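# Understanding the architecture of this molecule
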Amino acid sequence: MGVPQTQKLIVSDADVTSRCRCINKPGSYMIFPRANRVEHNLPNFNGVQAQVLSTPQHGSKFVEHELLVEAGGGTSAVRNEEFEQFLYVLEGEIDLSLDGKKASKLPQGGFSWLPPHCAYEFTNKGKDRSRVVWIRRRYVEVAGISIPAPIISHESDVKGEPVDTYIEKHLTPYESLGFDMGINLQTFDPGVYFSFVEAHVMEHGLYMLSGCGLYWLNHDLIEVQKDDFIYMAPFCPQFYYAMGWEKSAYLLYKDVNRDYTQFL
Ligand code: UGY
Ligand code: MN
């Protein structure tokens, strides 16, 4: 009996798995390159394909997507959710409107933080597809601390400060205790590395914006590059070495400014 056609295909393609860079170590970390993602549709969007990057199914206390928004695509109705949200334009542009007001154009590098129950809608009015990182979590309210107002801005309007061995921009100004969602844009010169191995309760959703490097996670050393997503679980030991010939940069979610009693 001959080898079934499907099996022949698998054998001739066998080397694909040896080149796979996707790693999933639940409770520790996940490396999720674009090449391995599978898209699906979401309710209340038109012309949008969603890549799910992180959800509570594998342990994160936040939900992160990459949205692929076709020209003319976007939300199909006003969204008003109980979650706080962060949007960052990786490529292309979106027109974002809050509370039915005039839309603001968010080009590549544009971002928005929205408090819970902030009504919003967006459309891609450009000619090309846009790619948007979308992070949501449940806001932890604290008596006596007011919930911040929405932010719409661009990363070039945020001042970078030297932190450890690299430059950090706080896209959410989490020096203010009203923010429990920290969003950093961290930029590294080639050859720069952390001054110490970090281990902390805060979990991370990390999106590589440019360049490449080596991430050391829980004693594994892994090559990472532009467009990779990385999840780091609470207390995962972490260390980054920037490599290559250009600066590398990533967008980093971390939970901040709360005492974790919400999980008791
Ligand atoms: O702020 C942080 O936790 C950050 N330095 N971690 C990281 O880049 N892996
Ligand atoms: Mn960290």
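In what follows, the structure referred to is the one given above.
What counts as what
The written sequence of each chain sets the order in which its residues are numbered from 1. Whichever chain is written first becomes A and whichever ligand is written first becomes 1, with later ones labelled in order. Only residues with pLDDT of at least 70 get local features here, since the model is predicted, and only at 80 or more are side-chain atom pairs given and counted; chain-wide, interface and lining totals rely on the full set of residues. Helix numbers and strand numbers start at the N terminus; a helix is a DSSP run of H or I with at least 4 residues, a strand a run of E with at least 2. Here the globule rule reads 2.2 Å times residues to the power 0.38, and the radius of gyration is calculated from C-alpha atoms. Here exposure depends only on C-beta density: within 10 Å of a residue's C-beta, 20 or more other C-beta atoms make it buried, 12 or fewer make it exposed, and intermediate numbers make it partly exposed, the C-beta atoms being placed from the backbone. Contact between two residues is assigned when their C-beta atoms, built from the backbone, lie within 7 Å. Contact assignment follows one rule, namely that a residue is near a molecule or strand if its backbone-placed C-beta atom lies within 6 Å of it. Gly is put with the polar residues, along with every residue not named as nonpolar or charged; the nonpolar set is Ala, Val, Leu, Ile, Met, Phe, Trp, Tyr, Cys and Pro, and the charged set is Asp, Glu, Lys and Arg. Only when DSSP finds a minimum of two bridges between them are two strands counted as paired. Axis lines are fitted to C-alpha atoms, over the contacting stretch for helices. Their N-to-C directions set the angle, which ranges from 0 to 180 degrees.

### Observations concerning the overall build of the protein chain
For the protein chain, the helix and strand inventory stands at two helices and 21 strands. Against the 2.2 N^0.38 benchmark of 18 Å for 264 residues, the protein chain shows a C-alpha radius of gyration of 19 Å, consistent with a compact globule. The principal-axis extent of the C-alpha atoms belonging to the protein chain is close to 70 × 45 × 40 Å. Per-residue burial for the protein chain yields a buried fraction of 30% across its 264 residues. Counting contacts in the protein chain only where the partners sit at least 6 residues apart, residues at least 24 apart contribute 70% of the total.

### Some points on the site of ligand 1
In the vicinity of ligand 1, the contacting residues are Asn184, Gln186, Glu198, Met202, His204, Gln238, Leu252 and Lys254. Of all the secondary-structure elements, those providing two or more residues to the shell around ligand 1 are strand 15 (181-188) and strand 21 (248-255). Among the residues forming the shell around ligand 1, the class breakdown is two nonpolar, four polar and two charged.

### Some words on the pairing of strand 7 (residues 93-98)
Sheet faces and side chains relate simply in a regular strand, where the side chains alternate between the two faces. Where strand 7 meets strand 8 (residues 104-107), four bridges bridge the pair, whose relative direction is antiparallel. From the neighbouring strand, Leu96 faces strand 8, where its bridge partner is Ser104. With four bridges joining them, strand 7 and strand 10 (residues 120-123) adopt antiparallel strand pairing. Note that in strand 10 the partner of Asp95 across the bridge is Thr123.

### Things to note about the sheet that holds strand 2 (residues 29-32)
Spatial ordering of the open sheet is given by 1-2-19-16-21-15-14-13, a layout of eight strands whose pairing is antiparallel. A strand with exactly one partner marks an edge of an open sheet, and here the two such strands are strand 1 (23-25) and strand 13 (161-163). The sheet shows a mean angle of 25 degrees between the axes of neighbouring strands, direction not considered. In terms of strand pairing, strand 2 meets strand 19 (residues 229-232) through four bridges, oriented antiparallel. Looking across to strand 19, one finds that Met30 is bridged to Tyr231.

### Let's talk about the pairing of strand 18 (residues 220-225)
Judged from the six bridges that link them, strand 17 (residues 212-217) and strand 18 form a sheet pairing that is antiparallel. Pairing of Trp216 across the sheet is with Leu221, part of strand 18. Counting the residues between successive antiparallel strands, the hairpin from strand 17 to strand 18 contains two residues, one of them, Asn218, with a positive phi of roughly 45 degrees.

### Remarks on unusual backbone geometry
Although it is not a glycine, Asp164 sits at a positive phi angle of roughly 50 degrees. Within the secondary structure layout, Asp164 lies in the loop between strand 13 and strand 14 (166-170). Although it is not a glycine, Tyr260 sits at a positive phi angle of roughly 70 degrees. Structurally, the position occupied by Tyr260 is in the segment after strand 21.

### So, the sheet that holds strand 20 (residues 238-243)
Taken in spatial order, the three strands make up an open sheet running 18-17-20, and their pairing is antiparallel. Of all strands in the sheet, those with a lone pairing partner are strand 18 and strand 20, marking the two edges. Looking at each pair of strands side by side, their axes are set apart by 25 degrees on average, direction ignored. In terms of strand pairing, strand 17 meets strand 20 through six bridges, oriented antiparallel. Residue pairing for strand 20: Tyr215 is matched across the bridge by Tyr240.

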